[in-house]
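# Working through the structure, step by step
One-letter residues, chain by chain:
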Amino acid sequence: MTDDRVDFASMMASRLCHDLLSPVGAFANGLELLADEKDPDMRARCIDLLEQSARTSAAKLKFFRLAFGSAGGFGEAVPPSEARSTIEGIMADRPITLNWMIGDDPLPKPAVKIILNLALILVDALVRGGRLDIGCERQADGSIEIALHAEAERILVDADVERILKEGEAAAAMTSRTAPAVLVQAVAKQNGGTVMLARETPTSLLVGAVLRG
């Protein structure tokens, strides 16, 4: 295995652990409080905390399985409803309106992987909420066009992430934050495709990819 592949695996693992640390930590704290608490009302609050942390952890794991893993059990294609539910799961309580513009036909795994990783980048960027439009369409020549549009008062994309999406995976250092952008470029390249990013206005950002049939 090359050094780049080792670094990439390490960064993806770091990202996964970073995102799971908070809900799993909250779950552990809830169990500790529940063991010592005698008041019925406080015990009920602890149980609510445990339930919320369990839901958040499960949602993140489901997302990472599709976004970073091999998505075993789905064959060569994934129902769009699975992709949508995983994206909704990582939004948590953030005030983001999801406008899903993808039909019911199963999507190839590479397309799903790109959609999920671009969605992760944009959800992270919508720190104060906003709107996220997601579309995907197969063209007559067999190619697949993917487009995600974010609109909000503030869209904060890491500069290195933006550079990688615009210029390629070698445009910036690989870190746990940039790893999803690197994965998007790698999957697109593997499938004869390209990635694009365009800032239409300070409050609007368009990202996407084209995969060749």
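Before going into details, it helps to say that this report is about the structure given with it. (Residues numbered from 1 in each chain as written. Predicted model: local features only at pLDDT ≥ 70, side-chain atom pairs only at ≥ 80, totals over all residues. Heavy atoms only, no water.)

## As for the environment of threonine 56
What counts is decided by this rule: Numbering of helices and strands starts at the N terminus; helices are DSSP runs of H or I of at least 4 residues and strands are runs of E of at least 2. Throughout this description, buried means an accessible area under 20% of the type-specific maximum (1.4 Å probe, protein chains only), exposed means over 50%, and partly exposed covers the range between.
With respect to the element layout, threonine 56 can be found in helix α2 (residues 40-67). On the accessibility criterion, threonine 56 (27% relative accessible area) is partly exposed. Residues threonine 56 and asparagine 99 lie 43 residues apart in sequence; the distance between their C-alpha atoms is 22 Å.

## Describing the packing of helix α3 (residues 80-91) against helix α4 (residues 109-125)
How two helices pack is summed up by the angle between their axes together with the distance between the axes. Just so we agree on the cut-off: Lines fitted to C-alpha atoms define the axes, with helix axes restricted to the stretch in contact, and inter-axis angles between N-to-C directions lie between 0 and 180 degrees. Orientation is classified from the angle alone, with under 35 degrees giving roughly parallel, over 145 giving roughly antiparallel, 65 to 115 giving roughly perpendicular, and any other angle giving oblique. For a crossing to be left-handed, the near helix must be turned anticlockwise from the far one by less than a right angle; the clockwise case is right-handed. Contacts were defined at the residue level, with two residues in contact if any of their heavy atoms lie within 4.5 Å. All amino acids are sorted into three groups, where Ala, Val, Leu, Ile, Met, Phe, Trp, Tyr, Cys and Pro are nonpolar, Asp, Glu, Lys and Arg are charged, and the leftover types, Gly among them, are polar.
Packing of α3 against α4 leaves a shortest axis separation of 10 Å and a crossing angle of 20 degrees. When the axes of α3 and α4 are compared, the pair comes out roughly parallel. As for how α3 packs across α4, the hand of that crossing is right-handed. Residues Ala83, Thr86, Ile87, Ile90 and Met91 of α3 pack against Val112, Ile115, Leu116, Ala119, Leu120 and Val123 of α4. Residues of the contact of α3 with α4, tallied by class, amount to ten nonpolar, one polar and no charged.

## Quick notes on the pattern of salt bridges
For side chains bearing opposite charge, pairing can occur when the charged atoms are close. Short version of the rule: Any Lys or Arg side-chain nitrogen found within 4 Å of a carboxyl oxygen on Asp or Glu counts as a salt bridge.
For the structure on display, the rule yields six salt bridges. A salt bridge links glutamate 82 to lysine 62, with the shortest nitrogen-to-oxygen separation between them at 3.7 Å. One end of the pair, glutamate 82, is in helix α3; the other, lysine 62, is in helix α2, and 20 residues separate them in sequence. Given a relative accessible area of 36%, lysine 62 falls into the partly exposed group. Ionic pairing is found between arginine 131 and aspartate 133, a salt bridge with its closest N-O pair at 2.8 Å. Take arginine 131: its relative accessible area is 33%, and that puts it in the partly exposed class. Residue classification places aspartate 133 among the buried residues on the basis of a relative accessible area of 7%. A single network of salt bridges, built from pairs that share partners, joins Arg131, Asp133 and Glu151.

## As for the pairing of strand β6 (residues 194-201)
If a strand is regular, its side chains alternate between the two faces of the sheet. Note the threshold: For two strands to count as paired, DSSP must find a minimum of two bridges between them.
Bridge analysis of β6 against strand β7 (residues 204-211) gives seven bridges, and the strand direction is antiparallel. Bridging from a neighbouring strand, threonine 201 pairs with serine 204 of β7. Counted along the chain from β6 to the antiparallel partner β7, the turn is two residues long.

## A closer look at the pairing of strand β2 (residues 96-101)
Burial of β2 is one-sided: the residues Ile96, Leu98 and Trp100 facing one way are buried, the residues Thr97, Asn99 and Met101 facing the other way are not. Relative to strand β4 (residues 130-138), β2 runs parallel, the two being bridged by six bridges. Paired with leucine 98 across the bridge in β4 is leucine 132.

Keep in mind that these numbers describe shape and distance, not what the molecule does.
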